[in-house]
Amino acid sequence: MPSTDPSAPAARNRPRAAVAMKPAAADALLDTRSLAALDAVCDLAPLPAIDDFGTDRARAVLADVEILVTGWGCPPLDAAALDAAPRLRAVVHTAGSVRGHITEACWKRGIEVSSAAAANALPVAEYTVAMILLSGKRVLERAHDYRTRRRRDNWLAAPDRVGNYGRTVGILSASVIGRRVVELLRPYDLPVLLHDPYVCDEEAAALGVRPVGLDELFAQSDVVSVHTPLLPATRGLVSRELLTSMRPDGVLINTARGAVVDQDALTDVLRQKRIRAILDVTDPDALPAAHPLWECENALITPHLAGSQGNELRRLVDLAAGEAGRWAAGDGFAHPVRRERLAFLA
């Protein structure tokens, strides 16, 4: 769809581009406004989005594509797909992780990659901070009790464990989301601990957090918020020992990946009423209907909704359009994905 905007870059600065993602993702992300933003900086091939690189149409589109705008459900950009796209030089991803479609063949080809992980981090961090504050006031439990009994308790008799003054928050991993949570917590009277073996003391001081070991994080925090990517080294990282070491009535929040937590151990500890949990992710992500976690009244389970949804999707496409424009102008990506950092990314 050619642009009619006289302020758009000259044709030579509008690289040929195409969209590759599953149809449902394209429908959610690419409204008229979003398509116009992309077309202002790219010569965008007409929809529908490509969801199979092996079709005749896909090969015809890929033949002259320089930049690929990808999203959820994009098929792997393997050697065969790249052979069909000899001019491809860059991939702009409208979501977070690129592990599902960026292959070793892309790095060998020297393809530049950008991700909207920074934009997707914002609503996850907002969800996390909201849950920290709500759990401190025990809002959900007390609202349920109020609805059930239809009478108010004496607010002056609330126990000392209720409230958010001086409550210690532990952040597991200074990821993009973890750092945003730390930033959003600064206005509150909440000391913040951090465990991340890749963050030095000077960087921790700049973030305004106190670095601690993993055991200390769980033992000294009233709330532990998990922001660790799922990697071979982090699977089951939040172990039974760590969970049982948490303070009585402590809260575990997980918006990262379900498998970072030993879910069987968490279920056992929750059944013992030792701690509470707020889980936006589980293992598997769609928790089976018969799973015992559903019976734990001290667990709030939400359906992986912390990430971008609804109007928040516009932020992802806005970032992607901005990245495409920077690349077309020769300025490079503001949010590049580096091959050497893949081992630390979700």
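This text goes with the structure placed above it.
What counts as what
Residue positions are given per chain, counting from 1 as you read along its sequence in written order. Given that this is a predicted model, residues contribute local features only at a pLDDT of at least 70 and side-chain atom pairs are listed and counted only at 80 or more, while totals for whole chains, interfaces and linings are drawn from all residues. The basis for every side-chain value is the complete set of non-hydrogen atoms in the structure, without hydrogens or water. The patch calculation keeps residues exceeding 30% relative accessible area without a salt bridge and links them within 9 Å when they carry like charges or within 5 Å when they are nonpolar (Val, Leu, Ile, Met, Phe, Trp, Tyr). Every accessible area reported is derived by Shrake-Rupley at a probe size of 1.4 Å, with residue values counting cover from the shown protein chains alone. Any Lys or Arg side-chain nitrogen found within 4 Å of a carboxyl oxygen on Asp or Glu counts as a salt bridge. Numbering of helices and strands runs from the N terminus, with a helix taken as a DSSP run of H or I at least four residues long and a strand as a DSSP run of E at least two residues long. Throughout, exposure labels follow a simple rule: accessible area from a 1.4 Å probe, protein chains only, divided by the maximum for the residue type, with under 20% read as buried, over 50% as exposed, and the rest as partly exposed. Regarding the arc, it is the one traced by the directions from the helix axis to the C-beta atoms. Residue contacts follow a heavy-atom distance rule, with two residues in contact if any of their heavy atoms lie within 4.5 Å. Being paired, for any two strands, means DSSP has found at least two bridges between them. Axis lines are fitted to C-alpha atoms, over the contacting stretch for helices. Their N-to-C directions set the angle, which ranges from 0 to 180 degrees.

What am I meant to see in a nonpolar patch on the surface here?
Nonpolar side chains collect at one region of the surface, where L134, V139 and L140 lie side by side and expose about 210 Å² of accessible area between them. Tracing the sequence through the fold places V139 in helix α7 (residues 139-149).

How do you make sense of helix α8 (residues 176-185) when you look at a structure like this?
Since the α-helix advances by 3.6 residues per turn, residues separated by three or four positions end up pointing in the same direction. All of the buried residues along α8 are G178, V181, V182 and L185. Within α8, the buried residues cover an arc of 100° as seen down the axis, which keeps them to one side. For α8, the elements touching its buried residues are α6 (117-136), β6 (169-172), β7 (192-195) and α9 (201-207).

It is not clear to me how the sheet that holds β6 should be interpreted in this structure. Could you clarify?
Two strands in a sheet stick together by hydrogen bonds in their backbones, pointing the same way (parallel) or opposite ways (antiparallel). The strand order across the open sheet formed by seven strands is β8-β7-β6-β9-β10-β11-β12, and the pairing between neighbours is parallel. The outermost strands of the open sheet, each flanked by one partner alone, are β8 (210-211) and β12 (299-301). Pairing of strand β11 (residues 276-279) with β12, which is carried by three bridges, proceeds in the parallel orientation. Bridging from a neighbouring strand, A277 pairs with A299 of β12. The strands that helix α12 (residues 263-271) touches are β10 (251-254), β11 and β12; relative to β11, the one it contacts most, it runs at about 135°.

I would appreciate a short explanation of the pattern of salt bridges in the present structure.
Scanning the model with the defined rule gives 17 salt bridges in all. Linking E141 and R276 is a salt bridge whose minimum nitrogen-to-oxygen distance equals 3.0 Å. Taken together, the positions of E141 in helix α7 and R276 in strand β11 put the pair 135 residues apart, joining distant regions of the chain. Given the relative accessible area of 30%, E141 is considered partly exposed. The buried category is assigned to R276, whose relative accessible area is 7%. Within this structure, R138, E141, R161, D249 and R276 form a network of salt bridges that share partners.

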